[in-house]
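Residue strings, one per chain:
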Protein chains: 2
Amino acid sequence: MIRVEQSTNLKAKPPQGELGFGKYFTDHMFMLDYEASQGWHDARIVPYQPLTLDPAAKVFHYGQTIFEGLKAYHGSDGRVRLFRPEANIARMNRSNVRMSVPELDSELFLAALERLIEVDAAWIPSEPGTSLYIRPFVIATQALLGVAPSEQYQFAIIMSPVGAYYPEGINPVRIFVESEHVRASVGGVGEAKTAGNYAATFMSQQTAKESGYTQVMWLDSAQHRYIEEVGSMNVFFCIDGKVCTPALSGSILAGVTRSSIIQLLESWGIEVLERAITIEEVYEAGRAGLLEESFGTGTAAVVSPIGELCWRGEQLLIGDGRTGALSKRLYDTLTGIQYGTVEDRFGWMRETGLQGIIRSDIME
Amino acid sequence: MIRVEQSTNLKAKPPQGELGFGKYFTDHMFMLDYEASQGWHDARIVPYQPLTLDPAAKVFHYGQTIFEGLKAYHGSDGRVRLFRPEANIARMNRSNVRMSVPELDSELFLAALERLIEVDAAWIPSEPGTSLYIRPFVIATQALLGVAPSEQYQFAIIMSPVGAYYPEGINPVRIFVESEHVRASVGGVGEAKTAGNYAATFMSQQTAKESGYTQVMWLDSAQHRYIEEVGSMNVFFCIDGKVCTPALSGSILAGVTRSSIIQLLESWGIEVLERAITIEEVYEAGRAGLLEESFGTGTAAVVSPIGELCWRGEQLLIGDGRTGALSKRLYDTLTGIQYGTVEDRFGWMRETGLQGIIRSDIME
């Protein structure tokens, strides 16, 4: 069902210590085409190669595109596992519906992920904290400038070996609370993992960086009060012994890591309130000494502790700017599950049947 | 300064009666590259050709892209003119700033437009109502998955001969007022002509079409009350002898046609109020018999009369569903200026120095 064309010109693999994020790509990619008359067809794994598109292709003009991000891990036992691929596949199809893109066959999608990882198994890094980042995406390819959904699409999966997010250990970040620009609004496409949501954040992100902040915290578009996301992560707060996170209102992404963190906390008997959270509430709790911890969650960082906020010029230190105990426990447990050192009681890890290769001989 | 590589394989030109919109493209395109170290460079006109991009190019994943749309007209006197290209160039650079894309040199941009039209002059259609639609666009090309602005871009201009928007005369459309989904919000990127703003409208547009409506009217994201745009056009209302249009709040596009219509009306002694307009106000005026006309404005249609609205299930007929006198006068005057049959007292038409070719021999 999936045709495989092996690359005859394998690339040199980069040293594991220099991987970074999304800089290097493996030898192969998966591709699938869509035509209104044929549906999705021609599933194939081919050598990693440029996409050749008409300059009038709708992706360039009207932004009809969706992506996902997930990881394969070289476990401590040498086995290669995917983290919750079914959740990413389901979310991609929800995004497809919102963006008027034809849905993908979930079984074919999963088979494509597994087959591509098998073909490029030598690219899965083995050093602690490294992983194989997988980027499925769909783009509208019809060469027609009418403002309407495309009748042609390409779906592709590319993969990138990525380095440890915290090479020197988990570390809190400083966050700038954006009170003018917004990322998305209820009724818009903030819940879909579509390209335009990301470009929309660049200006604020740059301004924050220039002021020494790592990321931006987004507030709601209507009142600039309700907390939405942090950078491209979901966000959690521990206030006076209780954990809360913004509810899925329609304008924020339903993070796979977010849902995993909620399940983990609940398995520990810690209730998580998914609710509306205002920035005022967080600041009041902080000023009263009741804001114990805060952290972002996402595929790249897994858990990213927040050490400091800056909102309307007022800085708020969280937990003395150090990584909180709960943040650390969540990070250790979830990465432990991902690397196979902590029991996976949730059925999150999908065995690929592959045995990873210790690549220190080639990659170092 | 602009290198020209002539195509040696000229395409057959389609019959003028079958042009449609954005389906056919001319023999050449303009291209310009950006590298952080070199700035914008390598201005060239080359044969119309596919773009070859790494699958990790940021345009596919993070949607950092901007476009413009303007037209060249074969005048009734045979001379070829551009409509307000400086306005589109200025807006493109405003969009660039919002989307963290390096600004373009306005003089080079204008020179590129004029040189490309000259090279492909044989593609400017001559039949009444036809024009040469010009689509400048910029895309982020760096192959890197980090969520940050690209360090590499391509700017291109493609051109498409387009048919008469109203082959059977100007005609009112039926509009569905969207009260759930939104296009953009204040603080977001609705004011920028960026791809993601368009894909965000497809779902509502499809729903409206399935119910027999041509386009969607967008309301503000915060209260779903304030009128923003119609489809991808600005919108005007004539209520009780007064003309109004939504003010440029930050979430709507600053249309070049919109500003031209305002200037035209003011030159006729008709004041235009740029202000907040609620859908309730429009309905109340309609029920009271005071909503005389409504129309959309944009580069494609110029003026598009609105004959009927549907909001929360309530239909509202405007001017008995017929084209209003003011809409017709505006359409006739503005298209007259564009085709050179009405005096251009505003200095809108930019002479290209080209003599158009009557192509009925080849194109029919």
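Computed from a predicted model, the values in this text were never measured in an experiment.

Contacts between the two partners involve 58 residues from chain A and, on the opposite side, 58 residues from chain B. Taking both partners together, chain A and chain B bury about 4800 Å²; carbon and sulfur atoms supply 65% of that area. Contact with chain B buries area across many residues of chain A, yet Pro55(A), Phe60(A) and Phe202(A) alone supply 14% of it, more than any other trio. Our count for the chain A to chain B interface comes out at zero salt bridges. The residue inventory of the side of chain A that touches chain B, partitioned by class, reads 35 nonpolar, 18 polar and five charged.

What follows is about the nonpolar core. Within the largest apolar cluster, 49 residues are counted, with the highest numbers of intra-cluster contacts made by Met217(A), Ile227(A), Phe237(A), Ile279(A), Leu309(A) and Leu330(A). With six residues, helix α8 (residues 325-339) of chain A is the single largest residue contributor to this core. When near neighbours in sequence (up to four residues on either side) are disregarded, Phe237(A) contacts Met217(A), Ile227(A), Lys242(A), Val243(A), Cys244(A), Ile277(A), Val282(A), Leu291(A), Glu293(A) and Ser294(A). One finds Val173(B), Ile306(B), Tyr331(B) and Ile337(B) within the second-largest nonpolar core, a separate group that totals 48 residues.

This part is about the layout of surface pockets. A water-sized probe, rolled over the atoms, reveals where empty space remains. Computed from the structure, the second largest pocket encloses a volume of approximately 810 Å³. Forming the walls of the second largest pocket are 36 residues, and the residues nearest its centre are Val147(A), Tyr165(B), Gln215(B), Ser232(B) and Ala300(B). Mapped by element, the contributors of at least two residues to the lining of the second largest pocket are β8 (131-140), α5 (202-210), β12 (227-230), α6 (256-267) and β16 (291-298) of chain B. At three residues, α6(B) tops the list of elements feeding residues into the lining of the second largest pocket.

Attention shifts here to the packing of aromatic side chains. All names here are of chain A. According to the stated counting rule, one finds 41 aromatic pairs over all chains in the structure shown. Taken together through their ring pairs, the aromatic side chains of Phe30, Tyr34, Trp40, Phe109, Tyr153 and Phe155 make up a single cluster. The ring of Tyr48 carries the charged tip of Lys11 above its face, separated from the ring centre by 4.3 Å. Over the aromatic face of Tyr226 sits the side chain of Arg225, whose NZ or CZ is 5.5 Å from the ring centroid.

This paragraph deals with the UniProt feature "modified residue: N6-(pyridoxal phosphate)lysine" (unreviewed entry) in chain A. Residues and elements named next belong to chain A. The positions that UniProt labels "modified residue: N6-(pyridoxal phosphate)lysine" (unreviewed entry) are, in the present scheme, Lys193. Looking at the secondary structure, you find Lys193 in the loop between β10 (173-178) and α4 (196-199). Its relative accessible area of 10% is what places Lys193 among the buried residues. Setting aside chain neighbours within four positions, we find Lys193 in contact with Thr65, Ile66, Phe67, Glu68, Gly69, Arg91, Ser95, Tyr198 and Leu253.

Bringing the packing of α6(B) against helix α8 (residues 325-339) of chain B into the picture now. Residues and elements named next belong to chain B. Where α6 contacts α8, the axes come no closer than 11 Å and their chain directions differ by 110°. Of the possible angle classes, the one that applies to α6 and α8 is roughly perpendicular. Contacts between α6 and α8 pair Thr257, Ser260, Ile261, Leu264 and Leu265 from the former with Leu326, Leu330, Thr333, Leu334 and Ile337 from the latter. Its residues placed into classes, the contact of α6 with α8 shows seven nonpolar, three polar and no charged.

About the criteria used
- Residues numbered from 1 in each chain as written.
- Chains lettered and ligands numbered in written order.
- Predicted model: local features only at pLDDT ≥ 70, side-chain atom pairs only at ≥ 80, totals over all residues.
- Heavy atoms only, no water.
- Contact = heavy atoms within 4.5 Å.
- Buried area = accessible area lost by both parts, 1.4 Å probe.
- Salt bridge = Lys/Arg side-chain N within 4 Å of Asp/Glu carboxyl O.
- Nonpolar A, V, L, I, M, F, W, Y, C, P; charged D, E, K, R; others polar.
- Core = buried A, V, L, I, M, F, W, Y, C linked by side-chain atoms within 4.5 Å.
- Buried < 20%, exposed > 50% of the residue type's maximum accessible area, 1.4 Å probe, protein only.
- Helix = DSSP H or I, 4+ residues; strand = E, 2+ residues; numbered from the N terminus.
- 1 Å grid on protein atoms, 1.4 Å probe; cavity = no way out; pocket = protein on both sides within 12 Å on 5 of 7 lines; lining within 4 Å.
- Points joined across faces, edges and corners; volume = space filled by probe spheres on them.
- Phe/Tyr/Trp six-rings, centres within 6.5 Å; stacked < 30°, edge-to-face > 60°.
- Lys NZ or Arg CZ within 6 Å of the ring centre and 35° of its normal.
- UniProt positions renumbered as here; feature names shortened; annotations may be inferred.
- Axes fitted to C-alpha atoms, helices over the stretch in contact; angles between N-to-C directions.
- Parallel < 35°, antiparallel > 145°, perpendicular 65-115°, else oblique.

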